[in-house]
Each structure stands twice: as structure tokens, then as C-alpha cells.
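A structural walkthrough
Here is what each chain is made of, one letter per residue.
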Amino acid sequence: MKLWVSALLMAWFGVLSCVQAEFFTSIGHMTDLIYAEKELVQSLKEYILVEEAKLSKIKSWANKMEALTSKSAADAEGYLAHPVNAYKLVKRLNTDWPALEDLVLQDSAADPSHERAGGNLRYFEQLLEEEREKTLTNQTEAELATPEGIYERPVDYLPERDVYESLCRGEGVKLTPRRQKRLFCRYHHGNRAPQLLIAPFKEEDEWDSPHIVRYYDVMSDEEIERIKEIAKPKLARATVRDPKTGVLTVASYRVSKSSWLEEDDDPVVARVNRRMQHITGLTVKTAELLQVANYGVGGQYEPHFDFSRRPFDSGLKTEGNRLATFLNYMSDVEAGGATVFPDLGAAIWPKKGTAVFWYNLLRSGEGDYRTRHAACPVLVGCKWVSNKWFHERGQEFLRPCGSTEVD
């Protein structure tokens, strides 16, 4: 029973107590009961009208949301691929749904003119204002201070920012006609792997030096969907290694979620690992687990090296540095999402089912600083990739050292 109905009933019982419930001794008094009961009925009808109006609003909202969620759930990734839809979803969950909750919990019959209610209203409004001011103060302090546990690069850390951003726009690619003449397509069988002699992969040169290649039809649609299905429950914010402490932490310049899959998770993981081993001619025994990454709207990873330049990683002592990168594209991206190499002026665009491969280290074991690369922001669409990092140990006879330091 709402507050105002309850108050009316309380007043009625108050009248009863005042006359010691002896209405029956006077018809004059009993006529007052008739009018009091009539007022109760009228008040009840007004309450019902107000509640029905509120319920009508809630039903209208529910019907609207049912139609919208039916459409969005039919193709969730396709729906969220559009940045406006992604924004509207976040807005609904943060603004519209709480507003609906307030409507549901609202006391339709609360009387703001009531003396005590008015005093309480002013008291709680003051509390809310104080809380709001406190929140704004905390937000300002948080913006001025670096959040604990989040590594922030210095403002001038990215000297190639202009080049990086222009490559992400598809501008400034240094693929000259002379260089393009040195790029070829061929059938690839690894180091004469028996599995590829009968069914070699199509290989295309993306860049000549350092040599970056793309392989076609590396993963089937069924394999991609299965790997995404396994990876989704394990997705967590991707981390980087703090250059000062060596501790893994999240960073504002790497915006994505990732998970790591073992061969025991599903037969498809083992199958894809073996395929990458056959294509590269390298062993996966010392390679890292298969990493799956998902970039949402605005997801990116600013220019970085895959190989380690600092002795933080204990794995370097046993497995060696990251020798090579094998990157699988598991989705097309409508706009953005390219893999760019600012020092080279190269841009490689995602194409579902293909993979790119390059060596991070020279044959001498020194890092190839030309391989500094980035994942451009996703503007429209959803980007899924998986990658395998091959380490040095176990590759001594599969990729022998060169005769000079720069081989």
C-alpha cells in the first residue's frame, strides 16, 4: 500500500480511536463514515490511475527493448561492429536502465507538500549534492595522478606517431614500384615438410626487407569459430611489461582482451599449432601458447617490439628470445585494424583466414629493430587475431646463425 493511502487509513483509524468506536450510538456520526469511505474509494481510484500510467510507461519500454534486443542478439558481433550501436548499448546500460529502475521504485503518490516529507526531501537533496561534489573532486584528483597499476608512457614516447597514424589511415605507404617488383607469390612447402609437399600453402610477399609474408587459407571458418568459442570465457585485459619494474600490467596504449590456449583445451588448437610449425619450418616445442586477442571499437596496440630488450623475462634464460611472429587474422575488419610497421612504411590489412609471418631477430640473434609494429585502432567492426611466438631454443639447425652480425 502506497504512502498516501496508508496515511489516509491511519487518519481514519485515528478518528475511530477519538470517538472510542461508538459510531453506532449516533446516526449523525455514522453519516460521517459514509463520506470517509467514499473518500477512501476515490483516493484508491486515483492511486490506481497513477500506477496504471506508470505501468504503461514500463510496458512501452519493455516492448521497445524486446524489439531492439531481438535484432541485436541475432548478430551480436555485427551489431556491435558499428561504433554508434556500441555507444548506444553502453549508454543504455549506464543511463537508461538506471532511469527505468528509478521509475519502477518511484513512489507515485508521494506528497512533496507534506511538511515532514518536504524537510526530508531537502535533507537528502543536500546529501546528494555533497556526494556529487565529492565524486567530482575525486575524479579530478584521479585525472591528475597516474592510476596505480597502470603504466603510462611519457607524452613524447612515440616519436613516430605521425607516421604511425598516417599508415593507419592508409597514407604514406612506401611500397614503391621498384620495391613492388621484388615481391612475388608462390606455393610454399616449409622446409619440405611432408604434409605440405602434396598440399602447399599460397604465399605472398608483403615486404622485401625485412621479409614479411602472408599465407592464405591457413584457418577454416569452422576452426576460427571454435577457437573463438574456447577463448571467449578466458578473455582478460591484455597486459604489457613495465619497462621500469618488469612487472606485467595493463596500459592505456594496449586496448584489447586476450587469452592463452593450450593444446589440451581442444584438438583444433593442437591442429593449428602443427600447421604453423609445418609452414614456418620451426619447432613449437619452445614456442609460447597460442594467444587469442579481440579488439573492440577503438581497440589498438601502439608501436612496440615483439622481442624482449630487457632481461626481465626468466624464460629468456631457458627458451631464448622471441625469434619470430606468426599472426593469424580470424576476422575481416570493415575499417581500421591494420598491422603497420612505421620504420618501414608498411601496412598490412586484415583478411580472414590469412596469416602473416616475420622474424623478430636477425640470424646473429640480435633484435631486428625494423620490425617495430602496431595494431591500428578498429574504427568499424570487430577484430579477432591469434598469434604464436616462436623462441630461439630448438631452432639452431632449423634457422642457422649467419656469418655476419647483420645477416
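Read on for a plain summary of the structure. Everything numeric in this text was worked out from a predicted model, so none of it was measured. (Residues numbered from 1 in each chain as written. Predicted model: local features only at pLDDT ≥ 70, side-chain atom pairs only at ≥ 80, totals over all residues. Heavy atoms only, no water.)

**Regarding the sheet that holds strand 15 (residues 346–348)**
The line we're drawing: Note on pairing: DSSP must find at least two bridges between two strands before they are called paired. Think of it this way: any DSSP run of H or I at least four residues long counts as a helix, any run of E at least two long counts as a strand, and we number them from the N terminus.
In spatial order, the strands read 8-11-17-14-15; together these 5 strands make up an open sheet with antiparallel pairing. The open sheet is flanked by strand 8 (254–255) and strand 15, the only strands paired with a single partner. Bridge count for strand 8 against strand 11 (residues 300–304) is 2 bridges, and the pairing is antiparallel. Residue pairing in the sheet places Val-255 in a bridge with Gln-300 of strand 11.

**Things to note about the pairing of strand 19 (residues 383–391)**
Keep this limit in mind: Categorising residues by exposure relies on relative accessible area from a 1.4 Å probe, with only protein chains included: less than 20% of the type maximum marks a residue as buried, more than 50% marks it as exposed, and the intermediate range marks it as partly exposed.
Strand 19 sits mainly inside the fold: 9 of its 9 residues count as buried. In strand 19, alternate side chains face the same way, and those of Lys-383, Val-385, Asn-387, Trp-389 and His-391 on one face and Trp-384, Ser-386, Lys-388 and Phe-390 on the other are all buried. The pairing of strand 10 (residues 290–295) with strand 19 spans 5 bridges and is classified as antiparallel. Within strand 19, the position partnered with Gln-291 by the bridge is Asn-387.

**Description of the pattern of salt bridges**
The test is simple: The working definition used for a salt bridge is a side-chain nitrogen of Lys or Arg within 4 Å of a carboxyl oxygen of Asp or Glu.
Taken as a whole, this structure holds 22 salt bridges when the rule is applied. Among the ionic pairs, Lys-228 bridges to Glu-77, the shortest N-O distance being 3.6 Å. In this pair, Lys-228 is assigned in helix 9 (residues 221–231) and Glu-77 in helix 3 (residues 76–80), connecting sequence segments 151 residues apart. A salt bridge links Arg-179 to Asp-208, with the shortest nitrogen-to-oxygen separation between them at 2.8 Å. With a gap of 29 residues between them, Arg-179 in helix 7 (residues 177–180) and Asp-208 in the loop between strand 3 (201–207) and strand 4 (212–215) connect regions that are remote in the sequence. What you see here is one network of salt bridges that share partners, running through Glu-77, Glu-225 and Lys-228.

**Here's the deal with the nonpolar core**
Convention followed: Residues enter a nonpolar core if they are buried and are Ala, Val, Leu, Ile, Met, Phe, Trp, Tyr or Cys, with the set joined through side-chain atoms within 4.5 Å.
By size, the foremost hydrophobic cluster in this structure holds 34 residues, and its most contacted members are Tyr-215, Ile-227, Phe-326 and Phe-390. When contributions to this core are tallied by element, the ones reaching two or more residues are strand 4, helix 9, helix 10 (267–280), strand 10, strand 12 (322–329), strand 16 (355–359) and strand 19. In terms of residues, this core owes the most to one element, helix 10, which gives 5 residues. The next biggest cluster of nonpolar side chains, apart from the first, holds 20 residues, and it includes Trp-207, Val-356, Trp-358 and Val-378.

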